[in-house]
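Each chain, written out:
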Amino acid sequence: LVQRPLVAIVGGAKVSDKVLVIENLIDQADGVMCIGGMAYTFAKTCNGMEIGKSLFDKKGADLAPKLMEKAKAKGVEITLPVDWKCGKEFTNDQETKIFTKDEGIPAEWEGM
């Protein structure tokens, strides 16, 4: 017995590595949260957000809009992060800053 609403959480670096999982979750869940590195690809290709030096999956860039369209057609909400902790280098001892989806991530920064 599945309790509703059912929301799935998917993370990782590449959309292209998870496309089949995400497609199956769209068929079964009421919502899908896409987090981790893959969220930058969704944010850039589907929402036009600047992502600075953050991870970007070129193969996934073609897939992300199609996944969003499939989810919309099925009435499934795909949720992306609304803010990101960023740095100028991927190190522990550095200045960090939070950027929102409305601000985007500036060119010299990368999401952590």
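Scroll up a little and you will see the structure.
Figured I'd write up the structure that's included with this text. Keep in mind the model is a prediction, meaning the values are calculated, not measured.

What counts as what
Starting from 1, residues in each chain are numbered consecutively following that chain's sequence as written. Where totals are concerned, whole chains, interfaces and linings use all residues; where local detail is concerned, this predicted model gives features only for residues with pLDDT of at least 70, and gives and counts side-chain atom pairs only at 80 or more. Excluding hydrogens and water, the side-chain figures rest on all heavy atoms present in the structure. Cysteine sulfur atoms are paired as a disulfide whenever they come within 2.5 Å of each other. Residue burial is assigned from relative accessible area. The probe radius is 1.4 Å, only protein chains are included, and a residue is buried under 20% of its type maximum, exposed over 50%, and partly exposed in between. By definition, two strands form a pair when at least two bridges between them are found by DSSP. The numbering of helices and of strands both runs from the N terminus, where a helix is a DSSP run of H or I of at least 4 residues and a strand a run of E of at least 2. In what follows, salt bridge is the name for a side-chain nitrogen of Lys or Arg lying within 4 Å of a carboxyl oxygen of Asp or Glu.

Description of the state of the cysteines
Working definition: the covalent bond between the sulfur atoms of two cysteines is a disulfide.
Alright, step 1. Taken as a whole and judged by the stated rule, the model has zero disulfides.
Alright, step 2. Free of any disulfide, Cys 34 has its nearest cysteine sulfur in Cys 46, 9.3 Å distant.
Alright, step 3. Of the residues examined, Cys 34 reaches a relative accessible area of 0% and is grouped as buried.
Alright, step 4. Lacking any disulfide linkage, Cys 86 is separated from the closest cysteine sulfur, that of Cys 34, by 18 Å.
Alright, step 5. With a relative accessible area of 0%, Cys 86 lands in the buried category.

Points about the sheet that holds strand 5 (residues 96-100)
The strands that make up a sheet pair up through hydrogen bonds in the backbone, lying either parallel or antiparallel.
Alright, step 1. One open sheet holds the three strands; their spatial order is 5-4-6, and the pairing between them is antiparallel. Of all strands in the sheet, those with a lone pairing partner are strand 5 and strand 6 (110-111), marking the two edges.
Alright, step 2. Relative to strand 5, strand 4 (residues 83-87) is paired through five bridges, and the arrangement is antiparallel. For Cys 86, the partnering residue across the bridge sits in strand 5 and is Lys 97.

Considering the pattern of salt bridges
Alright, step 1. Under the definition given, this model contains three salt bridges.
Alright, step 2. A salt bridge links Asp 30 to Arg 4; its shortest N-O distance comes to 3.1 Å. Taken as a pair, Asp 30 in the loop between helix 1 (15-28) and strand 2 (31-34) and Arg 4 in the segment before strand 1 (7-10) lie far apart in primary sequence, 26 residues in all.
Alright, step 3. Assessed through its relative accessible area of 32%, Asp 30 is described here as partly exposed.
Alright, step 4. When the shortest N-O distance is used, the salt bridge between Lys 74 and Asp 27 registers 3.3 Å. Of this pair, Lys 74 sits in helix 3 (residues 58-74) while Asp 27 sits in helix 1; the two residues are 47 residues apart in sequence, bridging distant segments of the chain.
Alright, step 5. Take Lys 74: its relative accessible area is 48%, and that puts it in the partly exposed class.
Alright, step 6. Taking the relative accessible area as the measure of exposure, Asp 27 reaches 41% and is therefore partly exposed.
Alright, step 7. Because the salt bridges share partners, they merge into one network encompassing Asp 27, Lys 70 and Lys 74.

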